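Residue-level structure breakdown
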Amino acid sequence: MRIIVPIKQVPETSNVKMDPVTGTMIREGIENIVNPLDLYAIETAIRLKEKYGGKIIVISMGPEKAIEAIKEAIAMGCDDGILLSDKKFAGSDTFATSYVVAKAIKELGDFDLVICGERATDGDTGQVGPGIASFLDLPLSTFTSEIVSIENGKIRVKRLVEEGYEEIEMMLPAVLTVVKEISDPRLPTLRGKLKAKKVEIPVWDAQKINAEEDKIGLKGSPTRVVKIFTPKVTREGEKVIVKDEKTLHQAVDKIMDYLIKKELI
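Residues numbered from 1 in each chain as written. Predicted model: local features only at pLDDT ≥ 70, side-chain atom pairs only at ≥ 80, totals over all residues. Heavy atoms only, no water.

The name an unreviewed UniProt entry gives the protein is Electron transfer flavoprotein small subunit, with Thermoanaerobacter thermohydrosulfuricus as the organism. Under the Sequence similarities (unreviewed entry) heading, UniProt states for the protein: "Belongs to the ETF beta-subunit/FixA family." (UniProt positions renumbered as here; feature names shortened; annotations may be inferred.)

Below, the structure is given as structure tokens:
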């Protein structure tokens, strides 16, 4: 079984900063980690490899620093990785990112599964996994909570829906986005870290994947961040401190007067 896992290196949640001029995320000079939700995709792929055999290839799009994320995935148990890095990719929205990753997957050749995390913690859109499936014209299962079986060229999965769970069957190759319920990510091992240290990660640019320039970067991104600002809290409230039964009745009377004034009761 040949599995491809697209991952993203993201800023730690407390360190997310945006450029107010370009509307894009500032990634330089801050600590980055593997997108936490991608760890569940990595673990799912490793468990499938342990059960069925095969190979796991990790793909990440970003600056050269993203090689760290790829090597962490290899230290966990993945086999190889590819970094998609080119100045022309800068500013890509989810549409352009999906296109670039899908082109890289096509360049890799035959595969059975593409497994993605549910979403990235920096953008929080959940659009790249479905976008990859769309560009590759493959069946897709989002919010996948369990892989029931893989046999006879088909995969049966359970997916999380509003009413509970839905079980579906798809032909392979297919794309999955997975939720936390599917697995508990393992930690990198010492042996894995030593292997990752030795692995050379190839860097692919736009030319390598034959990407059309009008579909990548800011030029190929149909969405635009028009303005970034911190919302101002304009609500004014009155605090009533209750110390005894008398002040309790006063507080209740004030609340009732307010509700009556606003015609809520």
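What to know about the nonpolar core
Ile3, Val5, Ile42, Leu113, Ile115, Ile155 and Leu176 are the most contacted members of the largest nonpolar core, which has 36 residues in total. Contributing elements (two or more residues each) for this core: strand S1 (2-7), helix H1 (38-52), strand S4 (55-61), helix H2 (67-76), strand S6 (113-117), strand S8 (154-161) and strand S10 (174-178). Ranked by size, the runner-up nonpolar core spans 27 residues in total, among them Val101, Leu138, Ala206 and Ile216. (Core = buried A, V, L, I, M, F, W, Y, C linked by side-chain atoms within 4.5 Å. Buried < 20%, exposed > 50% of the residue type's maximum accessible area, 1.4 Å probe, protein only. Helix = DSSP H or I, 4+ residues; strand = E, 2+ residues; numbered from the N terminus.)

Quick word on the side chain of Asp38
With respect to the helices, strands and loops of the structure, Asp38 is situated in helix H1. Of the side chains bearing the opposite charge, Lys8 lies closest to the buried Asp38, which forms no salt bridge; the N-O distance is 8.3 Å. Apart from the residues within four sequence positions on either side, Asp38 is in contact with Pro6, Ile7, Lys8 and Gly117. (Lys, Arg positive; Asp, Glu negative; His and termini not counted. Salt bridge = Lys/Arg side-chain N within 4 Å of Asp/Glu carboxyl O. Contact = heavy atoms within 4.5 Å.)

Focus: the side chain of Asp79
Relative to the helices and strands, Asp79 resides in the loop between H2 and strand S5 (80-84). Polar contacts involving the side chain of Asp79 include one to the main-chain amide nitrogen of Ile56, which spans 2.7 Å. Filtering out sequence-adjacent residues up to four positions away, Asp79 remains in contact with Lys49, Gly54, Lys55, Ile56, Ile74 and Lys195. (Polar contact = N/O pair within 3.5 Å; in protein donor to acceptor, adjacent residues only side chain to side chain.)

Let's talk about helix H6 (residues 245-261)
Here H6 spans 24 Å end to end across 17 residues, near enough to the 24 Å set by a 1.5 Å rise per residue. Structurally, the start of H6 carries an N-cap: the backbone nitrogen of Lys246 is 3.2 Å from a side-chain oxygen of Asp244. The positive-phi residue at the C-terminal boundary of H6 is Glu263, with phi of around 55°. (Expected span 1.5 Å × (residues − 1).)

Describing the sheet that holds S10
Two pairing modes exist for strands in a sheet, parallel and antiparallel, and in both the strands are linked by backbone hydrogen bonds. Spatial strand order, S9-S8-S7-S10-S6-S1-S4-S5-S11: nine strands in an open sheet with mixed pairing. For this open sheet the edge positions go to strand S9 (164-171) and strand S11 (203-204), each flanked by a neighbour on one side alone. Where S5 and S11 come together, two bridges link them in parallel fashion. When the sheet's bridge partners are listed, Leu84 is paired in S11 with Trp204. The strands that H2 touches are S1, S4 and S5; relative to S5, the one it contacts most, it runs at about 165°. (Pairing = 2+ DSSP bridges. Axes fitted to C-alpha atoms, helices over the stretch in contact; angles between N-to-C directions.)

Some details on the packing of aromatic side chains
One pass over the structure, following the stated rule, counts two aromatic pairs. Ring centres of Phe95 and Phe135 lie 5.2 Å apart, and the angle between their planes is 65°; on these two criteria the pair is classed as edge-to-face. Residue Phe95 is found in helix H3 (residues 94-108), and its partner Phe135 is found in helix H4 (residues 128-136); the two are separated by 40 residues along the sequence. The partly exposed category is assigned to Phe135, whose relative accessible area is 27%. On the basis of an interplanar angle of 70° and a centroid distance of 5.5 Å, the ring pair of Tyr99 and Phe135 is categorised as edge-to-face. Placement of Tyr99 in helix H3 and of Phe135 in helix H4 is noted, with a sequence separation of 36 residues between them. Members of the aromatic cluster, each reached through a chain of ring pairs, are Phe95, Tyr99 and Phe135. Between the NZ or CZ atom of Lys208 and the centre of the ring of Trp204, over which it lies, the distance is 5.2 Å. (Phe/Tyr/Trp six-rings, centres within 6.5 Å; stacked < 30°, edge-to-face > 60°. Lys NZ or Arg CZ within 6 Å of the ring centre and 35° of its normal.)

What to know about the pattern of salt bridges
What the rule picks out here adds up to 17 salt bridges. Across the pair Lys154 and Glu169 runs a salt bridge, and its minimum N-O distance is 3.8 Å. Of this pair, Lys154 sits in strand S8 while Glu169 sits in strand S9; the two residues are 15 residues apart in sequence, bridging distant segments of the chain. Using a relative accessible area of 33% as the deciding quantity, one classes Lys154 as partly exposed. Overall, the relative accessible area of 43% leaves Glu169 in the partly exposed class. Across the salt bridge formed by Glu166 and Arg159, the nearest N and O atoms sit 2.8 Å from each other. With relative accessibility at 16%, the residue Arg159 sits in the buried group.

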